[in-house]
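Letter by letter, the chains look like this.
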Amino acid sequence: MLEKKEIIICLGSSCFARGNKRTLQVIQKFIKDHKLDDYVFFHGGHCFGHCEKAPILKIDKRIYENVDYLNVIDILSDEFDGYY
């Protein structure tokens, strides 16, 4: 059985100001389109302390920096390879 992954998108002011609102929508669509609801715990979080490299996304223990609505698809595709 495939493990459930935790995805945390930073909703701190720096990340939000740099586009995490749109990235959040792309992630939600990716999860829905690939029927990953049962394999993902997706939620917002507050500052990870990497504001200078914002926006930040954390998947399990891995932190991604400079995430935007374009490169998040590649990140999710790599993380969920084999899930769909």
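Conventions we followed
- Residues numbered from 1 in each chain as written.
- Predicted model: local features only at pLDDT ≥ 70, side-chain atom pairs only at ≥ 80, totals over all residues.
- Heavy atoms only, no water.
- Helix = DSSP H or I, 4+ residues; strand = E, 2+ residues; numbered from the N terminus.
- Rg over C-alpha atoms; globule rule 2.2 N^0.38 Å.
- Buried < 20%, exposed > 50% of the residue type's maximum accessible area, 1.4 Å probe, protein only.
- Areas by Shrake-Rupley, 256 points an atom, 1.4 Å probe, with all protein chains shown as cover.
- Lys, Arg positive; Asp, Glu negative; His and termini not counted.
- Charge placed at Lys NZ, Arg CZ, Asp CG, Glu CD.
- Arc of directions from axis to C-beta.
- Contact = heavy atoms within 4.5 Å.

This next bit is on the overall build of the chain. Counting its secondary structure elements, the chain contains two helices and four strands. Helices (α) and strands (β) of the chain occur, in sequence order from the N terminus, as β-α-β-β-β-α. In terms of C-alpha radius of gyration, the chain reaches 12 Å, essentially the compact-globule figure of 12 Å for 84 residues. In terms of overall dimensions, the chain has a C-alpha envelope of 35 × 20 × 20 Å along the principal axes. Within the chain, buried positions represent 36% of all 84 residues. Of the accessible surface of the chain, which amounts to about 5,300 Å², a share of 50% is contributed by carbon and sulfur atoms. On the chain, the mean spot of the 12 positive side-chain charges and the mean spot of the 13 negative ones are 5 Å from each other.

Moving on, we get to helix α2 (residues 72-79). Burial in α2 covers these residues: Val72, Ile75, Leu76 and Glu79. Within α2, the buried residues cover an arc of 95° as seen down the axis, which keeps them to one side. Along α2, the residues that are exposed and aim more than 90 degrees away from the buried face are Asp74 and Asp78. Residues of α2 that are buried sit in contact with β1 (5-10), α1 (13-33), β3 (57-59) and β4 (62-64).

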